[in-house]
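Below are the chains, spelled out letter by letter.
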Amino acid sequence: MQIALNINVQVKDGTLVFTDPTGKTVTFSPEQTVQKKVSMITLGELCGLPKRQLATDFSFKSRTSYYDIRNAVLKGAPANLLPERPGPRTPSKRTK
């Protein structure tokens, strides 16, 4: 099966927006980070855009972020795509 896609991808205020030539749109809110990551890797694998530009267009920081997410999408477990809570890795030490 062969599928040809012609879509416009934009990020507006953190919301991912896909638009086809007829004007139909599909939006993903910032809370849907898994879909955003999968969409970025799909476009990265199917088109020849520079990885740094693709990562920054999807609101990620760098080219390394792209490749980290790519490894999680293509080779990792689905749980690796969920956002991790930033914070201390060890319990705080309190003196008396």
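Note that this is a predicted model, so its numbers are computed, not measured.

Our focus in this paragraph is the sheet that holds strand β2 (residues 15-19). On the basis of which strands lie adjacent, the open sheet formed by three strands has the order β1-β2-β3 and antiparallel pairing. This sheet does not close on itself; its edge strands, each paired only once, are β1 (8-12) and β3 (25-28). The sheet shows a mean angle of 20° between the axes of neighbouring strands, taken without regard to direction. Relative to β3, β2 runs antiparallel, the two sharing four bridges. Counted as the bridge partner of V17 is T27 from β3. Helix α1 (residues 33-46) rests against β1, β2 and β3 of the sheet, and its axis sits at about 45° to β2.

Let us now look at the packing of aromatic side chains. All told, the structure shown has one aromatic pair when counted by the stated rule. Considering the side-chain rings of Y66 and Y67, the 5.1 Å spacing of their centres and the 85° angle between planes classify their relative orientation as edge-to-face. The exposure class of Y66 is buried, given its relative accessible area of 0%. Positioned above the aromatic ring of F60, the side-chain terminus of K36 is 5.3 Å from the ring centre.

Conventions adopted
- Residues numbered from 1 in each chain as written.
- Predicted model: local features only at pLDDT ≥ 70, side-chain atom pairs only at ≥ 80, totals over all residues.
- Heavy atoms only, no water.
- Pairing = 2+ DSSP bridges.
- Helix = DSSP H or I, 4+ residues; strand = E, 2+ residues; numbered from the N terminus.
- Axes fitted to C-alpha atoms, helices over the stretch in contact; angles between N-to-C directions.
- Contact = heavy atoms within 4.5 Å.
- Phe/Tyr/Trp six-rings, centres within 6.5 Å; stacked < 30°, edge-to-face > 60°.
- Buried < 20%, exposed > 50% of the residue type's maximum accessible area, 1.4 Å probe, protein only.
- Lys NZ or Arg CZ within 6 Å of the ring centre and 35° of its normal.

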